[in-house]
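# Per-entry structural report
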Amino acid sequence: MMTGADIRRSFLEHYRSKNHVIVPSSSLVPDNDPTLMFTNSGMVQFKNNFTGVDTRLSRAASVQKSVRAGGKHNDLENVGHTARHHTFFEMMGNFSFGDYFKQESLVWGWEWVTEVLKIDPTRLCVTVYHDDDEAFDIWNKVIGLKKEDIIRIPTSDNFWTMGDTGPCGPCSEIFYDHGPHIFGDRPGTKDEDGDRFMEIWNHVFTQFDLQKDGTKIPLKNKNIDTGAGLERVMAVAQGVHSNYDTDVFQSIITAAAKVAGTEYRKDADGDVSLRVIADHLRAMTFLMVDGVMPSNEGRGYVLRRIMRRAMRHGNLLGMDKPFIHNLVPTLVGVMGEAYPELQRGANMAMDVIKMEEERFGRTLKQGMGLLDEATKSLKSGDTLDGEVIFKLYDTFGFPVDLTNDALKSKGIKLDEEGFQTHMEAQRARARASFKGSGDAKLSDVWFDVQEKTGTTEFLGYKVTRAEGVVQALVSEGVQKEMLLEGEKGQLVSNQTPFYAESGGQVGDTGTITGDNGLLARVTDTHKVLDGVFIHHVTVEKGALRVGNAIELNVDESRRASIARNHTATHIMFAGLREVLGSHVVQRGSRQDDMLTRFDISHPKGVTPEEIAKVEAYVNARIWQNLPVVTKVIDKDEAVKSGATAQFGEKYGDEVRVVYIGNPDSANMVTADLCGGTHVGQTGEIGLFRITGESSVAAGIRRIEAVTHETARQSYTAEAELLKSLALQLKTKATDLPERIKTLQTAGKAAAKASSAVDTSSLLSKAEAYKGSGKLVVSEVTGADADALRTAVEDLKGRIGSGVVLLGSATEGKVSLVAGVTKDLSTTISAGDILKAACTAIGGKGGGKPELAMGGGSGDLAAALSAGRAAL
């Protein structure tokens, strides 16, 4: 028997032999089709090849991982109850982009089904579009099928269109007959919806361009797009009716049954639960390794619904403790070889699944108790009140489809209209609460936008370019349908790679492009109402219109600089605590493309020696090239493990933790709660340097630092400055300290010499005072207070008996010194003379009877005159 891995491998090898390029599966999160929540077919990644934008491939083959859950593909309630409904599946396909056409596609497909897989041709029949004689003749005359086994279908089931206009073409499908013991009949009959005849492969022949009037114009380049569900082909090749009886599913079902202490096929209800768990395990694990994390919005909410439905079915099996996460290794065992990303992300997926199991397990039992109580008096056909559905959703975390799933077997309906009424009331309360919270006033328009668009899916952790759809445009506080060339406004799209300012990190900038030459400049990105991303735009060419597809391009160079500065900040914080002490906590931060600014609590200035130690600490971790790892975990668990929260940030139940260094090894530097963008390895930072340290408030110090090229340039600028100084001072750069010291000594001596007062000149102007005594009152130009004091003492000695009052003024600042010889100091006080002089200019001073010094601001002549008058 061929295993699922054998079938997958044989398909790719078959088309490799037909000169097809084997293309690996793309991510479940499509990066080239903003209208899709998840990749749901093999052709999604080849969109640009089909449209002619990418011409590098002419033929290709792939096995594409796909998810159909949510929106119009919401089959959750059927999964586990039927043989072929799945949330996750693999789609095998071969593709031709203007190369081969119908005959090669059908012949090669038939060859693989009948010769490689050895499926009995007598159990196969095919369909063609009713007027596609070319396909009919290929099946009949080239391949050799009987005419009665080729069924013409006149409906859209066998004609593919992209929309009301555009590429389109007929289809041809291969069906397998499971046998008369299964209800149903061939396609085109009244019992075609039965399970007996199962489609296993669809070949789409894109050969026309559909016009508005309904006419079909032949395309110049015709394409082939085929899809064969691996799960269905496995069932046929392995001789079973249900996809869940194939080897891939049975491996998981057996492991789940063993953990739950039961057996498959023991009872019908238990079998449904085991099938649900097996299917949902594949979906949840593959989604997480492709970057989708459980949340309450967008893709994350679809994932959470899938996870919680699986957990409820585990509860139905009697499991009251987390166990689904332990099934991940079994999944890796059967699918990890084909999908290496599954092996790489297994541990992360197990951690997240376990966290979700623990969280939902705390409310699941209570919620089921409420549901049982609310429905005990209801019978089949009755309707459960919308208020109960809302309470289960709002209080106990029950997605509506989980409640529906729980009541399906009882035939009880849901009052979905009543549920929506309660949801609207909750939104109204939330709006009123926000307006009264004291936060910055937010225009009503953004509440309207949020209700219209929901939250924005952020893709920027993985990509810097993505396609999106314009969901809202706002200009001057009013919603618009379009923004024309030259106009400014705000744009909201369904998804974006642009990081919105938060956590100290500035918002991204970049461009938005689109059809008809559209070019809009994104000057900033902000976030409001917990998840609506606002792109501030200026339309430079063309026009932005609501509903249009756009391409969003982040300025990658700027983003890379911001990421380097942000990661360096985390390492610097750890270094500051290491050097200054564990009392250091964050008090604010900002990271842009030029520098990082980080405020900390610390009672005194950070010394140059301490700065040097922090720089050495950070650069050592940069040069170790440590990994930067992110995990989404429970907030309480994160805090308990020692992860540091950012100052002023608000966190939900789940948080993103950034680890510098491997979180499971001794080289881990730090773990911080952070939603920002970061480098993948610390070596990308290159170089780190602290450029500023200052006080911003009592007990708060601000550190500014640069990284990478900016850090190199700062060192280079200082080196050039040192070189220039060395040339000017005629010495080597290494000898500059000693040279400067010599110059300073000489300068001080010269200054002292230049500030000396010519006391002989002053003495020649002395006046007679009290008989034989003398009086010197004079202004001295350019003398400082010390020079005045020296001059007063010198003059006192030279006059023998008398009084001296000297003053000087520099830029309005007045210095005064008064002196009285010892023989007169008992009757005349230098302090009184100085006080009178200082009072005249609003100054002050003091001293002893023989010497006093002071000063002020004002008219020096007035001060000297007042001092003379005091005598």
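Presented here is an overview of the structure given in this document. Residue positions within a chain follow its written sequence, with the count starting from 1. Thresholds applied to this predicted model are a pLDDT of at least 70 for local features of residues and 80 or more for the giving and counting of side-chain atom pairs; totals over whole chains, interfaces and linings are not thresholded and use all residues. Just so you know, side-chain values use all the structure's heavy atoms and leave hydrogens and water out.

Simply put, an axis is a line fit to the C-alpha atoms, just over the touching stretch for a helix, and the angle between two N-to-C directions goes from 0 to 180 degrees. Secondary structure is summarised from DSSP: a helix means a run of H or I of at least four residues, a strand means a run of E of at least two, and numbering begins at the N terminus for each. For the pair helix α3 (residues 102-116) and helix α4 (residues 133-143), the least separation of the axes is 10 Å and the interaxial angle reads 50 degrees. Here α4 runs oblique to α3, going by the angle between their axes. In the packing of α3 onto α4, the handedness of the crossing is right-handed. Across the interface between the two elements, K102, Q103, L106, V107 and W110 of α3 pack against E134, A135, I138, W139, V142 and I143 of α4. Angles are sorted into four bins: roughly parallel if under 35 degrees, roughly antiparallel if over 145, roughly perpendicular if 65 to 115, and oblique for all others. Two helices cross in a left-handed way if the nearer one is turned anticlockwise from the farther one by less than a right angle. They cross in a right-handed way if the turn is clockwise. Whether two residues are in contact is decided by their heavy atoms: any pair within 4.5 Å suffices.

Side-chain pairs of opposite charge can arise whenever the charged atoms involved come near each other. What makes a salt bridge here is a side-chain nitrogen of Lys or Arg within 4 Å of a carboxyl oxygen of Asp or Glu, nothing more. All told, the structure shown has 39 salt bridges when counted by the stated rule. Between E337 and R9 there is a salt bridge; the shortest N-O distance is 3.9 Å. Placement of the pair is E337 in the loop between α9 (328-335) and α10 (340-375) and R9 in helix α1 (residues 4-16), with a sequence separation of 328 residues. Here the term buried applies to any residue with accessible area under 20% of the maximum for its type, exposed to any over 50%, and partly exposed to those in between, with areas from a 1.4 Å probe on protein chains only. What makes E337 exposed here is its relative accessible area of 66%. Residue R9 is classed as partly exposed on the basis of its relative accessible area, which comes to 39%. Linking R689 and E718 is a salt bridge whose minimum nitrogen-to-oxygen distance equals 2.8 Å.

Moving on to unusual backbone geometry. Even without glycine at this site, N19 takes up a positive phi of about 65 degrees. Although it is not a glycine, K118 sits at a positive phi angle of roughly 60 degrees. Within the secondary structure, K118 is located in the loop between α3 and β4 (124-129).

One finds M92, W112, W139, I200, W201 and V657 to be the most contacted residues of the largest nonpolar core, which totals 118 residues. When residues of this core are assigned to their parent elements, the largest contribution, 11 residues, is made by α10. Beyond its immediate stretch of four places on either side in the chain, W112 contacts I7, S10, F11, H14, M92, L117, W201 and V233. With 29 residues, the next largest nonpolar core counts A563, V606, I611 and I703 among its residues. Among the buried residues, those of types Ala, Val, Leu, Ile, Met, Phe, Trp, Tyr and Cys that are joined through side-chain atoms within 4.5 Å form a nonpolar core.

One covalent bond between the sulfur atoms of two cysteine residues makes up a disulfide. When two cysteine sulfur atoms are found within 2.5 Å, that pair is recorded as a disulfide. This structure, assessed with the given rule, holds zero disulfides. Here C171 is not disulfide-linked; the sulfur of C168 is the nearest cysteine sulfur, at 10 Å.

Two strands pair under a simple rule: DSSP has to find at least two bridges between them. With mixed pairing, six strands are arranged side by side in an open sheet as β30-β31-β32-β33-β35-β34. On the outer flanks of this sheet lie β30 (767-769) and β34 (844-848), each paired with one strand and no other. Pairs of neighbouring strands in the sheet enclose a mean axial angle of 15 degrees, with direction left out of account. Judged from the seven bridges that link them, strand β33 (residues 813-820) and strand β35 (residues 851-857) form a sheet pairing that is antiparallel. In the sheet register, S815 faces β35, and the bridge partner there is G855. Its contacts with the sheet place helix α21 (residues 785-799) against β31 (773-779), β32 (802-810), β33 and β35, and it is angled at close to 160 degrees to β32.

As a further point, take the environment of V817. As for its position among the elements, V817 is in strand β33. Under the relative-accessibility criterion, V817 is labelled buried at 1%. Sequence-wise, V817 and A791 are 26 residues apart; in three dimensions their C-alpha atoms are separated by 9.3 Å. Setting aside anything within four residues of it in sequence, one finds V817 in contact with A785, L788, R789, V792, V804, L805, L806, L834, L851, A852 and M853.

Moving on to the pairing of strand β24 (residues 596-601). The element β24 is largely enclosed, with a buried count of five among its six residues. Two elements, strand β23 (residues 586-591) and β24, share five bridges in a ladder whose sense is antiparallel. Note on β24: the bridge partner recorded for G588 is D599. Sheet topology note: the β24/strand β29 (residues 700-707) ladder contains six bridges and is antiparallel. Within β29, the position partnered with I600 by the bridge is R701.

Moving on: the packing of helix α7 (residues 268-289) against helix α8 (residues 298-316). Where α7 meets α8, the closest approach of the two axes is 9 Å, and the angle between their N-to-C directions is 150 degrees. Considered as vectors, α7 and α8 are oriented roughly antiparallel to each other. The chirality of how α7 crosses α8 is left-handed. For the pair α7 and α8, contact is made by V272, S273, V276, I277, H280, A283, M284, L287 and M288 and by L303, I306, M307, R309, A310, H313, G314 and L316, respectively. The nonpolar class holds Ala, Val, Leu, Ile, Met, Phe, Trp, Tyr, Cys and Pro. Asp, Glu, Lys and Arg form the charged class, and all remaining residues, Gly among them, are polar. Of the residues assigned to the contact of α7 with α8, the class counts are 12 nonpolar, four polar and one charged.

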